[in-house]
Each structure stands twice: as C-alpha cells, then as structure tokens.
Amino acid sequence: MSTLTRFITAVMVVPGLIGLGSGSASAESANGGSVPLGAEYRSCDFTKLNFVNATGTASGTAVIGTGGTNTVTADVYIMIGSPNTPYQVRLIQGPRPGTQKCNAGDPGVASAMLYTDGNGVGSVVLHDALAPGATNAWVFIDGPPDVGQIRGEFYTSDLLTSLK
C-alpha cells in the first residue's frame, strides 16, 4: 500500500470517527437510545456540578430503555478504564428533585458492580422496575478513589433517556 493510499484512507476514516454530518444531539435521547458517557459529575436531578475535576480517562456508552415493559434496563459499556477495577454503576430514574438522594438502594435507583479486565474494558446490565411517575433515566458510574483522595473517577450519561 502506497503512502498516498494510506493517507487518503486515514483522511476518509477520521471524519467518520468524529461524527461529522451525524446531526446534533438533543437534550433527551429517545427510549432505547444509546447515550455516551462523559466525565461530568451530576447531582441526583441530573444537574451538572461545576468545579468537580474529572480524573478518569475511560470512554463508554449506555443503552437505556424499557422495551415497552414496566422494567427499565441499562446496558453499560466502558473502554479504556482503569484495569482490573470495580466500578459502581447506578441507573437513576427521574425526574428527581435535587434534594432527593440517588444512592444504591434508594427508590428509583438500581445498582450493580462493573469489573474491568486487564485492558480496562467492562460491561454490566442493570434492571429495575419502572418507578411511578418516572419519565427519564440516566447512568452514574464511579470508581474507587486513589489513596488519599475523596472521590474516584466518575462518568455520567451525557443525555437523559426518555422512558416514554
């Protein structure tokens, strides 16, 4: 393969990887949509908190939806995470007021552990009964803190997923 052919191939592939021409993202994904995960720290009402520095380098996605049933499901995938690490994943149903907690076991919150392999790759599936009045859902992932740190790496859904 010549150098010119490799360059043209790379130029053709890169726009597809960065999503040129793919349309704009909405503030809410449709039911069953694939949602990217970003290193944004959010409160339980999905409000992004400023001045909380991210430490992680992982990339991930979540497919969240009901599939027309009374169950909410999230298929969560992480790549390039910390190798051999347990992450707590929470599927949070909303709307929730900012004063309502969203810890594991709270109403409308399903929780599971995601374990990465030696390459920092892992996945987990969460299921929860559809909470009364729930119209959306999102995912919060957090890893264990490093020694001397208060908080570990974290990732949240970039968009709310509609459950209607």
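Right, let's walk through the structure included here. These numbers were taken from a predicted model, which means no experiment stands behind them.

Quick look at the environment of Ala 137
And then number 1: The residue Ala 137 is located in strand E8 (residues 136-142) in this model.
And then number 2: Not counting residues within four places of it along the chain, the set of residues in contact with Ala 137 comprises Ile 64, Val 72, Leu 91, Ile 92, Gln 93, Leu 160, Thr 161 and Leu 163.

Description of the packing of aromatic side chains
And then number 1: Using the criterion set out here, one finds four aromatic pairs in the structure.
And then number 2: Geometrically, the ring pair formed by Tyr 41 and Phe 140 is edge-to-face, given 5.3 Å between the ring centres and 90° between the ring planes. Of this pair, Tyr 41 sits in the loop between strand E2 (34-38) and strand E3 (59-65) while Phe 140 is found in strand E8, placing the two residues 99 residues apart along the sequence.
And then number 3: An angle of 85° between the planes, with centres 4.9 Å apart, marks the rings of Tyr 41 and Phe 154 as edge-to-face. Of this pair, Tyr 41 sits in the loop between E2 and E3 while Phe 154 sits in strand E9 (residues 154-157), placing them 113 residues apart in sequence.
And then number 4: Exposure remark for Phe 154: the relative accessible area of 2% places this residue in the buried category.
And then number 5: Through pairs of rings, three or more aromatic residues link up here, namely Tyr 41, Phe 46, Trp 138, Phe 140 and Phe 154.
And then number 6: Positioned above the aromatic ring of Phe 140, the side-chain terminus of Arg 90 is 4.4 Å from the ring centre.

Details of the pairing of E8
And then number 1: Here E8 lies mainly inside the structure; six of its seven residues are buried.
And then number 2: Pairing between E8 and strand E10 (residues 160-162): two bridges, direction antiparallel. Considered in E10, the bridge of Asn 136 is made with Ser 162.

Section: the nonpolar core
And then number 1: By size, the foremost hydrophobic cluster in this structure holds 21 residues, and its most contacted members are Ile 64, Val 76, Val 89, Leu 91, Val 139 and Ile 141.
And then number 2: When contributions to this core are tallied by element, the ones reaching two or more residues are E3, strand E4 (71-79), strand E5 (86-94), strand E6 (109-115), strand E7 (122-129) and E8.
And then number 3: With residues near it in sequence (within four places) discarded, Val 76 still touches Leu 37, Thr 61, Ala 62, Val 89, Leu 114, Gly 122, Ser 123, Val 124, Leu 126, Val 139 and Ile 141.

Here we look at the side chain of Arg 42
And then number 1: Looking at the secondary structure, you find Arg 42 in the loop between E2 and E3.
And then number 2: Among buried Asp, Glu, Lys and Arg side chains, Arg 42 stands out as unpaired, with Asp 158 the closest opposite charge at 4.7 Å.
And then number 3: At a separation of 3.1 Å, a polar atom in the side chain of Arg 42 contacts the side chain of Thr 156.
And then number 4: Every residue in contact with Arg 42, bar those within four places of it in the chain, is listed here: Thr 47, Lys 48, Leu 49, Trp 138, Phe 140, Thr 156, Ser 157 and Asp 158.

Comments concerning unusual backbone geometry
And then number 1: Pro 95 follows Gly 94 through a cis peptide bond whose omega is 10°.
And then number 2: Although it is not a glycine, Phe 46 sits at a positive phi angle of roughly 75°.
And then number 3: Positive phi values are uncommon outside glycine, yet Ile 80 reaches one of about 60°.
And then number 4: For Ile 80, the position within the fold is in the loop between E4 and E5.
And then number 5: Classification of Ile 80 by relative accessible area gives exposed; the value is 53%.

Thresholds, definitions, all that
- Residues numbered from 1 in each chain as written.
- Predicted model: local features only at pLDDT ≥ 70, side-chain atom pairs only at ≥ 80, totals over all residues.
- Heavy atoms only, no water.
- Helix = DSSP H or I, 4+ residues; strand = E, 2+ residues; numbered from the N terminus.
- Contact = heavy atoms within 4.5 Å.
- Phe/Tyr/Trp six-rings, centres within 6.5 Å; stacked < 30°, edge-to-face > 60°.
- Buried < 20%, exposed > 50% of the residue type's maximum accessible area, 1.4 Å probe, protein only.
- Lys NZ or Arg CZ within 6 Å of the ring centre and 35° of its normal.
- Pairing = 2+ DSSP bridges.
- Core = buried A, V, L, I, M, F, W, Y, C linked by side-chain atoms within 4.5 Å.
- Lys, Arg positive; Asp, Glu negative; His and termini not counted.
- Salt bridge = Lys/Arg side-chain N within 4 Å of Asp/Glu carboxyl O.
- Polar contact = N/O pair within 3.5 Å; in protein donor to acceptor, adjacent residues only side chain to side chain.

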